[in-house]
Amino acid sequence: EAQVTQNPRYLITVTGKKLTVTCSQNMNHEYMSWYRQDPGLGLRQIYYSMNVEVTDKGDVPEGYKVSRKEKRNFPLILESPSPNQTSLYFCASSGTWGPGNTIYFGEGSWLTVV
Amino acid sequence: AQSVAQPEDQVNVAEGNPLTVKCTYSVSGNPYLFWYVQYPNRGLQFLLKYITGDNLVKGSYGFEAEFNKSQTSFHLKKPSALVSDSALYFCAVRGYNNNDMRFGAGTRLTVKP
């Protein structure tokens, strides 16, 4: 089954403790991205990657890092999480970058930073 | 930069009645428009998109959307709502030379029996 898989789905952590949210897709997609969803703000892009070893900042990159060493994986790293990073995070992918290409989303990762 | 507005936070409809979820957009050049639906504790599911061609786009689960260039709108519609359509709906837009897909704040649709 074609899918985008995120882990963990739910996480409570403490301020300053490094964490990684993994993302993997099995569709051989070139384009991958991370979004955060906050009430009243919709989804905002954190980082995106147009292919292996190519990443760039989205709208809200502060406090996050990413890497794209393999085509299928695009982990999101929070080096020193803070409470304002409490949010619902989505990983997404599409075949290639192109404005008309559909983006497919993972199930989401609920992150709480206390 | 492109942007999307969903003017209604909440839409309530009786089952069997038609529904409309509104979306207006702003973008330089031709728009690429999308609708997604989010059910509780789930990711966003693609419903339909407009790239070019016919202004009326048909999508999943009986939904359709009408592109109106003069009004810069892309309203989501369904002729007969189901209780199972209750969910959070997001409109999104992309411009040709910008990879960033901009999402609206979302509209919560509630269909009552």
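What counts, and at which threshold
Here the residue numbering is sequential within each chain, running from 1 through the sequence in written order. The order in which chains are written sets their letters, starting at A; the order in which ligands are written sets their numbers, starting at 1. This being a predicted model, a pLDDT of at least 70 is required before a residue's local features are given, and a value of 80 or more before pairs of side-chain atoms are given or counted; all residues contribute to the totals for chains, interfaces and linings. Remark: hydrogens and water are excluded; side-chain values derive from all non-hydrogen atoms of the structure. Exposed residues in this analysis have more than 50% of their type's maximum accessible area, buried residues have under 20%, and partly exposed residues fall in between, with area computed by a 1.4 Å probe over protein chains only. Put simply, DSSP marks the helices as runs of H or I at least four residues long and the strands as runs of E at least two long, and each gets a number from the N terminus on. Strand pairing requires that DSSP identify at least two bridges connecting the strands. One speaks of a salt bridge when a side-chain nitrogen belonging to Lys or Arg is within 4 Å of a carboxyl oxygen belonging to Asp or Glu. Any two residues whose heavy atoms approach within 4.5 Å at even a single point are treated as in contact. Buried surface area refers to the total accessible area, computed with a probe of radius 1.4 Å, that the two partners give up upon joining, counted for both partners together. Residues adjacent in sequence count toward polar contacts only when both atoms are side-chain atoms; beyond that, a polar contact is any pair of N or O atoms within 3.5 Å, and within protein one must be able to donate a hydrogen and the other to accept it. Count a disulfide wherever a pair of cysteine sulfur atoms falls within 2.5 Å. A residue counts toward a patch only above 30% relative accessible area and without a salt bridge, and it is joined to like-charged neighbours within 9 Å or, for Val, Leu, Ile, Met, Phe, Trp and Tyr, to nonpolar neighbours within 5 Å. Only the protein chains shown count as cover for residues, and the accessible areas themselves come from Shrake-Rupley with a 1.4 Å probe.

**Topic: the pairing of strand 1 (residues 4-7) of chain A**
All names here are of chain A. The side-chain alternation of strand 1 yields one buried face, formed by Val-4 and Gln-6, and one unburied face, formed by Thr-5 and Asn-7. As paired strands, strand 1 and strand 3 (residues 19-25) are joined by 4 bridges and run antiparallel to one another. Bridge pairing links Asn-7 to Thr-22 in strand 3.

**Here we look at the pattern of salt bridges**
Two side chains of opposite charge can pair, provided their charged atoms sit close to one another. Throughout the structure, instances matching the rule amount to 8 salt bridges over all chains. As a salt-bridge pair, A:Glu79 and A:Lys65 come within 3.0 Å of each other at their nearest N and O atoms. Within this pair, whereas A:Glu79 is found in the loop between strand 8 (76-78) and strand 9 (87-94), its partner A:Lys65 is found in strand 7 (residues 65-66), the two being separated by 14 residues in sequence. With a relative accessible area of 42%, A:Lys65 lands in the partly exposed category. The partner of B:Lys77 in a salt bridge is B:Glu66, and the shortest N-O contact between them spans 3.4 Å. Of the two residues, B:Lys77 sits in strand 9 (residues 73-78) while B:Glu66 sits in strand 8 (residues 64-68), which places them 11 residues apart along the sequence. Within the structure, one salt-bridge network assembled from shared partners comprises A:Arg36, A:Asp38 and A:Arg44.

**Some thoughts on the interface of chain B and chain A**
Counting residues at the interface gives 25 residues for chain B, matched by 25 residues for chain A. Here chain B meets chain A over a buried area of about 1,900 Å², counting both sides, of which 48% is carbon and sulfur. The interface formed by chain B and chain A contains 2 salt bridges. Where A:Glu107 meets B:Arg42, a salt bridge forms, and the shortest distance between an N and an O atom there is 2.7 Å. Across the chain B-chain A interface, the total number found is 8 residue pairs in polar contact (both at pLDDT 80 or more). Mapped by element, the contributors of at least two residues to the side of chain B that touches chain A are strand 5 (32-38), strand 6 (44-50), strand 10 (87-94) and strand 11 (102-103) of chain B. Counting residues per element, the side of chain B that touches chain A draws most heavily on strand 5 of chain B, at 4 residues.

**Some words on the state of the cysteines**
With the rule as written, the count across this model stands at 2 disulfides over all chains. For A:Cys23, the disulfide goes to A:Cys91, at an S-S distance of 1.9 Å. Of note, the bridge from A:Cys23 to A:Cys91 carries an S-S torsion of about -75° and is left-handed in sense. Here the residue A:Cys23 occupies a position in strand 3, and A:Cys91 occupies one in strand 9, the gap between them amounting to 68 residues. For A:Cys23, a relative accessible area of 2% translates into the label buried. A relative accessible area of 0% places A:Cys91 in the buried class. Between the sulfur atoms of B:Cys23 and its disulfide mate B:Cys91 the distance is 2.0 Å. Its torsion about the S-S bond being -65°, the disulfide of B:Cys23 and B:Cys91 is classed as left-handed.

**Focus: a nonpolar patch on the surface**
Residue and element names in this part refer to chain A. On the surface, Ile-12, Val-14 and Val-114 cluster together into a nonpolar patch covering about 300 Å² of accessible area. As for its position among the elements, Ile-12 is in strand 2 (residues 10-13). The exposure class of Ile-12 is exposed, given its relative accessible area of 64%.

**Digging into the sheet that holds strand 3 of chain A**
Residues and elements named next belong to chain A. Strand order in the open sheet formed by 4 strands is 1-3-8-7, with antiparallel pairing between adjacent strands. The open sheet has two edge strands, strand 1 and strand 7, and neither has a second partner. In the sheet, strand 3 pairs with strand 8 via 3 bridges, with the strands oriented antiparallel. Bridged to Thr-20 within strand 8 is Ile-77.

**Points about the environment of A:Trp110**
You can see A:Trp110 is positioned in strand 11 (residues 109-113). Along the sequence, A:Trp110 and A:Tyr89 sit 21 residues apart, while their C-alpha atoms lie 6.4 Å from each other.

**As for unusual backbone geometry**
Residues and elements named next belong to chain A. Cis rather than trans, the peptide bond between Asn-7 and Pro-8 has omega equal to -5°. Take Pro-8: it is sitting in the loop between strand 1 and strand 2. Although it is not a glycine, Asn-28 sits at a positive phi angle of roughly 60°. In this fold, Asn-28 is placed in the loop between strand 3 and strand 4 (31-38). Of the residues examined, Asn-28 reaches a relative accessible area of 55% and is grouped as exposed.

As far as function goes, none of this settles anything; it's purely spatial.
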